[in-house]
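The chain contents come next:
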Amino acid sequence: SALTQPASVSGSPGQSITISCTGTSSDVGGGYNYVSWYQQHPGKAPKLMIYDVSTRPSGVSNRFSGSKSGNTASLTISGLQAEDEADYHCTSYTSSSTYVFGTGTKVTVL
Amino acid sequence: EVHLVESGGGLVQPGGSLRLSCAASGFSFSSYWMSWVRQAPGKGLEWVANIKQDGSEKYYVDSVKGRFTISRDNAKNSLYLQMNSLRAEDTAVYYCAATLVATAGYFWGQGTLVTVSS
């Protein structure tokens, strides 16, 4: 079953927002820290923003940070900018050696 | 520069078959796990399948098990997805993705649209 994310989150430029991603002990809350976050602009392919819960790929702004507590992972975007307006998807490795995505969150910059 | 280019999408009738291909360049294809991820119109992402570097391990989402087969040809730097017994709910953009780390995809293609309809 898909991980649970809020349908939408909004914030003003310069503010910080946090997107949650709730799963179970078979995925997010499992014994491995394999949660990732993707950014997707309309009509575009997803872009990896965070992997291994909190690691940023080369070239990704340090305004993006990730964390995890129990069955819930979180993505925080600080210093919100207009270009951050996009859909965000979390994903987790599972105990079945598969991956499961979240329901997706639309971020709006007011 | 990394390039992943999907092809093979199109319109197919329910119950039909389609084979997607993904041509890779700009990186050491044989060193990467490869995945297929799909996105139905207006919906979120759904991981479909992945395959280990040497093809020895393959995993599938339950909804496609027994219908879809993932494969790769390291000599041709190519990934494939054979899709049989297609259903309307398989309609989606299918993305090819490559990764060295434990995630669905580090590098992504631009996707190919599969439409299952009569």
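See the structure shown above.
Scoring rules and cut-offs
- Per chain, residue numbering runs from 1 following the sequence as it is written.
- The lettering of chains begins at A and the numbering of ligands begins at 1, in the order of writing.
- This being a predicted model, a pLDDT of at least 70 is required before a residue's local features are given, and a value of 80 or more before pairs of side-chain atoms are given or counted; all residues contribute to the totals for chains, interfaces and linings.
- The basis for the side-chain values is all heavy atoms of the structure; hydrogens and waters are excluded.
- Helix and strand labels come from DSSP, where a helix needs a run of H or I of at least four residues and a strand needs a run of E of at least two; each type is numbered from the N terminus.
- For a compact globule the rule gives 2.2 Å times the number of residues to the power 0.38, and the radius of gyration it is set against comes from C-alpha atoms.
- Whether a residue is buried, partly exposed or exposed follows from its accessible area with a 1.4 Å probe, protein chains only, as a fraction of its type maximum: under 20%, in between, or over 50%, in that order.
- For two strands to pair, DSSP has to find at least two bridges joining them.
- Only C-alpha atoms enter the line fits that serve as axes; for helices the fit covers just the stretch in contact. Angles between N-to-C directions range over 0 to 180 degrees.
- It only takes one pair of heavy atoms within 4.5 Å for two residues to be counted as in contact.
- Whenever Lys or Arg places a side-chain nitrogen within 4 Å of a carboxyl oxygen from Asp or Glu, that contact is recorded as a salt bridge.
- In protein, a polar contact means a hydrogen-donor-capable atom and an acceptor-capable atom, both N or O and within 3.5 Å, with residues adjacent in sequence counting only if both atoms are side-chain atoms; elsewhere, any N or O pair within 3.5 Å suffices.
- For this classification, Asp, Glu, Lys and Arg are treated as charged, while Ala, Val, Leu, Ile, Met, Phe, Trp, Tyr, Cys and Pro are nonpolar and the rest, including Gly, are polar.
- We call a set of buried Ala, Val, Leu, Ile, Met, Phe, Trp, Tyr and Cys residues a nonpolar core when their side-chain atoms join them within 4.5 Å.

What chain B contains, in helices and strands, is 0 helices and 11 strands. Shown N-terminal to C-terminal, the secondary structure of chain B runs as helices and strands in the order β-β-β-β-β-β-β-β-β-β-β. Against the compact-globule benchmark of 13 Å for 118 residues, chain B has a radius of gyration of 13 Å, which places it among compact chains. By its C-alpha atoms, chain B is 40 × 25 × 25 Å across when sized along the principal axes. Counting only residues that meet the buried cut, chain B has 46% of its 118 residues in that class.

Let's shift gears to the sheet that holds strand β8 (residues 78–83) of chain B. All names here are of chain B. Spatial strand order, β1-β3-β8-β7: 4 strands in an open sheet with antiparallel pairing. The strands lining the two open edges of the sheet, one partner per strand, are β1 (3–7) and β7 (68–73). Each strand axis lies, on average, 15 degrees off the axis of its neighbour in the sheet, ignoring direction. For strand β3 (residues 18–25) and β8, the ladder comprises 6 bridges, and the chain directions are antiparallel. From the neighbouring strand, Leu18 faces β8, where its bridge partner is Met83.

Attention now moves to unusual backbone geometry. Residue and element names in this part refer to chain A. One non-glycine residue, Asp52, adopts positive backbone phi at about 50 degrees. For Asp52, the location among the structural elements is in the loop between β4 (47–50) and β5 (64–69). The partly exposed category is assigned to Asp52, whose relative accessible area is 26%. For Val53, which is not glycine, the phi dihedral falls at a positive 75 degrees. Under the relative-accessibility criterion, Val53 is labelled buried at 9%.

A word on the interface of chain B and chain A. At the interface, 19 residues of chain B touch 20 residues of chain A. Taken together, the links from chain B to chain A amount to 0 salt bridges. Scanning the region where chain B abuts chain A turns up 8 residue pairs in polar contact (both at pLDDT 80 or more). When grouped by side-chain class, the residues that make up the side of chain B that touches chain A number 11 nonpolar, 7 polar and 1 charged.

A few words now on the nonpolar core. Soluble globular proteins tend to pack their nonpolar side chains together in the buried interior. Met34, Trp36, Leu79, Leu81, Met83 and Tyr94 of chain B are the most contacted members of the largest nonpolar core, which totals 43 residues. Looking at this core, the elements that each hand over two or more residues are β8 (99–101) of chain A together with β3, β4 (33–39), β5 (45–51), β7, β8, β9 (92–99) and β11 (112–116) of chain B. With 6 residues, the top contributor of residues to this core is β9 of chain B.

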